[in-house]
Amino acid sequence: RQRQMCIRDRAYVTYSFDENTDVRVGRLRTPLYHYSDFLEVGYAYNWVTPSSIIYTQSDLSSFNGADITRRFTLNSVDGFAQAYTGRYVDVLTAGEDNYAADMSNSGLVVGANSGDFSGRIGFHKATLTLDIDPAGTRAFDQYVAGAMAAESFNLIPGLNASDFEINDSNIGYYQTSFVYDNGTTSFIAEYTYLDSESAAINNNSAYMIGGAQRFGATTVHLTYAAKEDDIDDGANGILQANAEMIENSIILGARYDYDAGTAFKLEAERHNEELAAGQDGSVGIIYRAGFSLVF
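Below is a short write-up of the structure. (Residues numbered from 1 in each chain as written. Predicted model: local features only at pLDDT ≥ 70, side-chain atom pairs only at ≥ 80, totals over all residues. Heavy atoms only, no water.)

1. Digging into the overall build of the chain
Okay, step 1: Assigned secondary structure in the chain consists of two helices and 15 strands.
Okay, step 2: Relative to the globule expectation of 19 Å for 295 residues, the C-alpha radius of gyration of the chain, 21 Å, shows essentially globular dimensions.
Okay, step 3: Dimensions of the chain, computed from C-alpha atoms along their principal axes, come out at roughly 65 × 45 × 35 Å.
Okay, step 4: When each of the 295 residues of the chain is scored for burial, the buried share is 42%.
Okay, step 5: Here the contacts in the chain between residues at least 6 apart in sequence split such that 54% fall between residues at least 24 apart.
Okay, step 6: Here the chain displays about 15300 Å² of accessible surface, and carbon together with sulfur accounts for 56% of that area.
Okay, step 7: Both charge centroids of the chain, one from 19 positive and one from 39 negative side chains, sit 12 Å from each other. (Helix = DSSP H or I, 4+ residues; strand = E, 2+ residues; numbered from the N terminus. Rg over C-alpha atoms; globule rule 2.2 N^0.38 Å. Buried < 20%, exposed > 50% of the residue type's maximum accessible area, 1.4 Å probe, protein only. Contact = heavy atoms within 4.5 Å. Areas by Shrake-Rupley, 256 points an atom, 1.4 Å probe, with all protein chains shown as cover. Lys, Arg positive; Asp, Glu negative; His and termini not counted. Charge placed at Lys NZ, Arg CZ, Asp CG, Glu CD.)

Encoded structure:
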């Protein structure tokens, strides 16, 4: 048995029932993605920052609650199962706007690795409420107000404005990933799907495929990522199309490991917004440089 405290972007207490079972209570990282536990440790991955198309950085990446993790071994396979539950009550930033958010969430993540191969699958559920004000000027305020006006004046026959409320709305989030890494050559594929009960938040699917090759102390990597909104059928979908997003990106980069705990990184990303808020988007190139240090 042991107790410990960890303070970084998280703060929690761990109690170990045995060498394979841990319970944590406090401020925890929401385990949405393959690299969720290492997002603040840049040395753990080759990118300067993981693709924002998959790894959406938001206030919801952490929550207050508890989880339990059970590790197991089956022949040559080492695995784990993690279940969690908690709540987020704070400000949620969406675009340039801030909203008071109240979200209860829970989920189950199962992962396994054998030799050079590893995989992960996650199921997450949440109930979300935002302080939407149809008389306000923020994006969601105006979006809900537009739905109410469209219903009142029958601008979109069959549209139901109540479908666009974000009040105790259920959200499902699903993730799966596969990784191959033999120390020299690596490959990752990751897929996510967001399923929202509120029509104000478009359902969307996203995926990422990447590979890397190590040449001595230098690693070269290439990643392709894409995301596309899944618009509802019928009247609601006509309004949702005004917020539709379709985007993709290609990241090409290199990493140089100076020593066992120091890495220098350079990368270029071509980001293509095919659709942004229902309109033709733009293409841009982003250059990044990074320095990662662990000790």
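2. Overview of helix α1 (residues 139–152)
Okay, step 1: If you check α1, its first and last C-alpha atoms are 20 Å apart, about what 14 residues at 1.5 Å a residue would give, namely 20 Å.
Okay, step 2: All of the buried residues along α1 are Phe-140, Asp-141, Tyr-143, Val-144, Ala-147 and Ala-150.
Okay, step 3: Packing partners of the buried residues in α1 comprise β5 (77–94), β6 (97–114), β7 (117–130) and α2 (234–240).
Okay, step 4: A positive backbone phi angle near 55 degrees is found at Asn-154, which sits one or two residues after α1. (Expected span 1.5 Å × (residues − 1).)

3. Side note on the packing of aromatic side chains
Okay, step 1: In the structure shown here, the tally under the stated rule is 16 aromatic pairs.
Okay, step 2: Ring centres of Tyr-35 and Tyr-45 lie 5.9 Å apart, and the angle between their planes is 70 degrees; on these two criteria the pair is classed as edge-to-face. Here Tyr-45 lies in the loop between β3 (21–29) and β4 (62–74) and Tyr-35 lies in the loop between β3 and β4, a separation of ten residues in the sequence. The pair Tyr-35 / Tyr-45 is uniform in exposure class, with both members buried.
Okay, step 3: Judged by centre distance (5.0 Å) and plane angle (50 degrees), the rings of Phe-117 and Tyr-180 are tilted. Of the two residues, Phe-117 is situated in strand β7 and Tyr-180 in strand β8 (residues 169–181); the sequence distance between them amounts to 63 residues.
Okay, step 4: On the basis of relative accessibility, which here comes to 23%, the residue Tyr-180 falls in the partly exposed class.
Okay, step 5: Here the aromatic cluster, defined as three or more aromatic residues joined through ring pairs, consists of Tyr-33, Tyr-35, Tyr-45, Trp-47, Tyr-55 and Tyr-173.
Okay, step 6: Against the face of Tyr-12 rests Arg-24, its NZ or CZ located 4.9 Å from the ring centre. (Phe/Tyr/Trp six-rings, centres within 6.5 Å; stacked < 30°, edge-to-face > 60°. Lys NZ or Arg CZ within 6 Å of the ring centre and 35° of its normal.)

4. Some details on the pattern of salt bridges
Okay, step 1: Overall, the coordinates contain eleven salt bridges when judged by the stated rule.
Okay, step 2: For Asp-18, the salt bridge goes to Arg-70, with nearest N and O atoms at 3.4 Å. Here Arg-70 lies in strand β4 and Asp-18 lies in strand β2 (residues 11–18), a separation of 52 residues in the sequence.
Okay, step 3: A salt bridge links Asp-257 to Arg-214, with the shortest nitrogen-to-oxygen separation between them at 3.4 Å. (Salt bridge = Lys/Arg side-chain N within 4 Å of Asp/Glu carboxyl O.)

5. A short note on the nonpolar core
Okay, step 1: Membership of the largest hydrophobic core comes to 41 residues, with the highest contact counts inside it found for Leu-128, Leu-130, Phe-140, Leu-159 and Phe-164.
Okay, step 2: Sorting the residues of this core by element identifies β5, β6, β7, α1, β8, β9 (185–196), β10 (203–215) and α2 as the ones contributing at least two each.
Okay, step 3: Among the elements that make up this core, the one with the highest residue count is α1 (four residues).
Okay, step 4: Excluding residues within four positions of it along the chain, Leu-159 makes contact with Ala-147, Ala-150, Glu-151, Phe-164, Ala-235, Asn-236 and Leu-239. (Core = buried A, V, L, I, M, F, W, Y, C linked by side-chain atoms within 4.5 Å.)

6. Thoughts on the pairing of β3
Okay, step 1: Sheet topology places β2 next to β3; seven bridges connect them, and they run antiparallel. In the sheet register, Ala-11 faces β3, and the bridge partner there is Arg-27.
Okay, step 2: If you look at the hairpin formed by β2 and β3, you'll find two residues sitting between the two strands.
Okay, step 3: Examined bridge by bridge, β3 and β4 share nine bridges and lie antiparallel to one another. The residue of β4 that forms the bridge with Asp-22 is Thr-69. (Pairing = 2+ DSSP bridges.)

7. A few points about the side chain of Ser-61
Okay, step 1: Tracing the chain through its elements places Ser-61 in the loop between β3 and β4.
Okay, step 2: At 3.2 Å, the side chain of Ser-61 forms a polar contact with the side chain of Arg-29. (Polar contact = N/O pair within 3.5 Å; in protein donor to acceptor, adjacent residues only side chain to side chain.)

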